[in-house]
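Residue-level structural notes
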Amino acid sequence: MARDVLVLVEHSEGKVESLTSQLLAIGSRLAKEMKVELVAAAIGHRMENVVEALQGKGIDRILVVDDPGLALAGGEVQAHVFAEIGKQVEPRLVLVGYSLVGMELTPAIASKLRMNALTNCVNIELRDGVITVTRPLFDGTIHAQIALEENATAVVALQKGPAILTAPLAKKAVVQSITIDVNSIPSRSRVLEITEEPKGDVDLGKAEIIVAVGRGIGDQEKIHFTAELAEALGGTLACSRPVVDVGWLPRERQVGASGKSVAPKVYVACGISGAIQHLTGMRDSKRIIAINKDPNAPIFQVAHIGVVGDLFEIVPALTKAAQEAQTR
Amino acid sequence: MNIVVCCKAVPGLVTDLKIGADGKAIQYQGQLLAINECDEYALEEALALKRSHGGQITAISMGNIKALDILYYALAKGADKAVRVDCESQDPRVASNVIASALGKLDFDLVLTGTQSRDTLGGQVGIAAASLLGIPFAYAVVEVEARENNTVKVRKELGGGRYAEVELMLPALLCVQTGIQPLTFVPPARRIRARQQPVASFSLADLGLQVDQLAPRGYRFIAVRPPERTHQVELLQGSPQEIATALLNKIRESL
Ligand SMILES: Cc1cc2nc3c(=O)[nH]c(=O)nc-3n(C[C@H](O)[C@H](O)[C@H](O)COP(=O)(O)OP(=O)(O)OC[C@H]3O[C@@H](n4cnc5c(N)ncnc54)[C@H](O)[C@@H]3O)c2cc1C
Ligand SMILES: Nc1ncnc2c1ncn2[C@@H]1O[C@H](COP(=O)(O)O)[C@@H](O)[C@H]1O
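Residues numbered from 1 in each chain as written. Chains lettered and ligands numbered in written order. Predicted model: local features only at pLDDT ≥ 70, side-chain atom pairs only at ≥ 80, totals over all residues. Heavy atoms only, no water.

1. Topic: the domain arrangement of chain A
Residue and element names in this part refer to chain A. Domains assigned within chain A are domain 1 (5–184) and domain 2 (204–327). Once you take the C-alpha centre of each, domain 1 and domain 2 turn out to be 33 Å apart. On the domain 2 side, the residues contacting the 13 residues of domain 1 number 10 residues. Approximately 860 Å² of surface area, both sides summed, lies buried where domain 1 meets domain 2, with 56% of it carried by carbon and sulfur atoms. (Domains from an automatic or database assignment. Contact = heavy atoms within 4.5 Å. Buried area = accessible area lost by both parts, 1.4 Å probe.)

2. A few points about the interface of chain B and chain A
With 78 residues of chain B at the contact, the number on the chain A side is 75 residues. Interface area, chain B with chain A, both sides summed: about 6800 Å², of which 57% is carbon and sulfur. Here chain B and chain A share 8 salt bridges between them. Between R190 of chain A and E167 of chain B there is a salt bridge whose closest N-O contact spans 3.0 Å. Summed over the shared surface of chain B and chain A, the result is 39 residue pairs in polar contact (both at pLDDT 80 or more). Secondary-structure elements contributing two or more residues to the side of chain B that touches chain A are α1 (37–53), α4 (125–133), β9 (137–146), β10 (151–159), β11 (162–169), β14 (219–225), β15 (234–235) and α7 (240–254) of chain B. Broken down by element, the side of chain B that touches chain A gets its largest block of residues, 11 residues, from α7 of chain B. (Salt bridge = Lys/Arg side-chain N within 4 Å of Asp/Glu carboxyl O. Polar contact = N/O pair within 3.5 Å; in protein donor to acceptor, adjacent residues only side chain to side chain. Helix = DSSP H or I, 4+ residues; strand = E, 2+ residues; numbered from the N terminus.)

3. Considering the site of ligand 1
Residue and element names in this part refer to chain A. Around ligand 1, a shell composed of 30 residues is seen, among which S240, V255, S258, S273 and Q277 lie nearest. In the environment of ligand 1, an oxygen atom lies 2.8 Å from a nitrogen or oxygen atom belonging to the side chain of Q254. Contacts to ligand 1 include V255, whose backbone N or O atom sits 2.8 Å from a nitrogen atom. Protein burial of ligand 1: of its 990 Å² of free accessible surface, 87% is covered by the chains. Taken together, the elements giving at least two residues each to the shell around ligand 1 come down to α4 (100–113), α6 (241–245), α7 (276–282) and α8 (311–327). Split by residue class, the shell around ligand 1 holds 9 nonpolar, 16 polar and 5 charged. (Near = heavy atom within 4 Å. Areas by Shrake-Rupley, 256 points an atom, 1.4 Å probe, with all protein chains shown as cover. Nonpolar A, V, L, I, M, F, W, Y, C, P; charged D, E, K, R; others polar.)

Below you can see the structure in the form of structure tokens.
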């Protein structure tokens, strides 16, 4: 009988990803309300540090597959191993981080386990005993609430949300090692290597003020308006993904799920709608200022200060004000 | 190399979104359907692969009659053939089953889909279809290199500026990220000419599928509405100069 809550652990270099820690915080609350166990599945090679880091997070059982064949495993093999664990646990819910890795694994695991897949969720909770998820539609302008039926099981992929601070929990997880013959898993793909984006000359991570430009700028010729604002404020210019995709700015300036994560003192978003993959990369900024002509743009859900208006009016005016303040 | 590209027709502004009677689906009359952004990039990648390695490109779209426009657009861009699967559903399980069945009827070495459709934001259909077909897959692909030995080498995003180089045996399915190739412009004359080309059509019966057999199970929609605000945003008003002065003060006090 499907019961427990199973969290799939994402880790790199012996560290548990912050998104996984969020899932565990959410999962331990859910498991308690559902009166079931919270189980974590961690797979990879040389897993001691990861397993150690998982203690104190409210987990009842940690299932570990530690195998050299998993050091550089691709989606096919990882999905197979997680599905094998899933078959043993028979969970009611599998929680996965909606990272780029989770986006590849979720549909594959759900398909192998014949479970429903609910992706890109921003919330999961028990409402009057019913498991309910919230997920954005249409670029985040609409949120849908979806209720899981009583006997149904689901793999739920959750977006990174605002940081959840939890004190370490005393409960000690039982660690259980599972042996799976990784080499005999049928696979028609293999990972050759993992590479890093070459370091460019900007370090968005260090910037105290970021001026970020989105597709709303409309034209490469107009990027200079935002570049000038960044300069006048003593900040750094960044952007959303579409601006890089069309070649207006280099990839190293991209903020978001597939770019950099930043948390400056001030983040000024100009002509950025605030898609969830952008928000993930900047929502921890201390003060978020959004300039957007659409009052329903999801960026206003995270912004502290908003201007509903034309960036071509506001940005040059702000640049001028900042320049005047400097010379005074 | 024969390539199938999955192209979804997605609406622009939607104002009439509602939940269907049984709670199983959302419904809307999307106006102004366009090709899903990453699917257009997938099509550009297929065209680039065809230029260097030859072969045929088939564009496939599952949807109602309005999806034809997107297929004509794909033909105008340079696809050789187009197929519409007559099925209207926004459920990812239905879509992946139907698309996998349709792919089973086509001859391909490589299937390209996008990463995510802009209306449902699911990001599921590509990998789910690959799983059903039992072929290797890669998500968020930003580079594709076709190799001699019936494999492709791809570069895919892992997030945070990390990438994986993956080798896949063909046939394989790749979910293509935006930005993989520069988008090319299609002259209006070509778009008009493309409308003369035939588009094949598959019904669910042709694929041996029944709608009720595909109906989503296990969950239902209970509400669709604008997102709840977790905190109140302070909206500034006034002339651009007034707003600029206020913003500058706010920025300074944050430092
Ligand atoms: C796997 C995956 C990973 C992704 N990773 C990232 C990522 O790392 N970073 C990222 O940013 N995106 C990422 N995306 C893309 C993301 O989903 C959105 O498509 C993207 O963030 C939208 O960028 P945007 O806000 O600039 O453009 P749009 O969504 O097109 O928004 C443009 C905005 O500009 C406004 N505007 C237009 N003209 C004006 C004007 N004159 N004045 C003021 N406002 C104006 C409009 O109202 C609109 O809100 C990813 C997507 C996927 C599927
Ligand atoms: N109805 C459809 N017709 C053709 N391709 C589709 C359809 N639905 C999804 N896809 C493909 O699957 C990708 C991911 O879609 P989704 O899972 O809906 O986010 C899209 O980018 C398309 O390439």
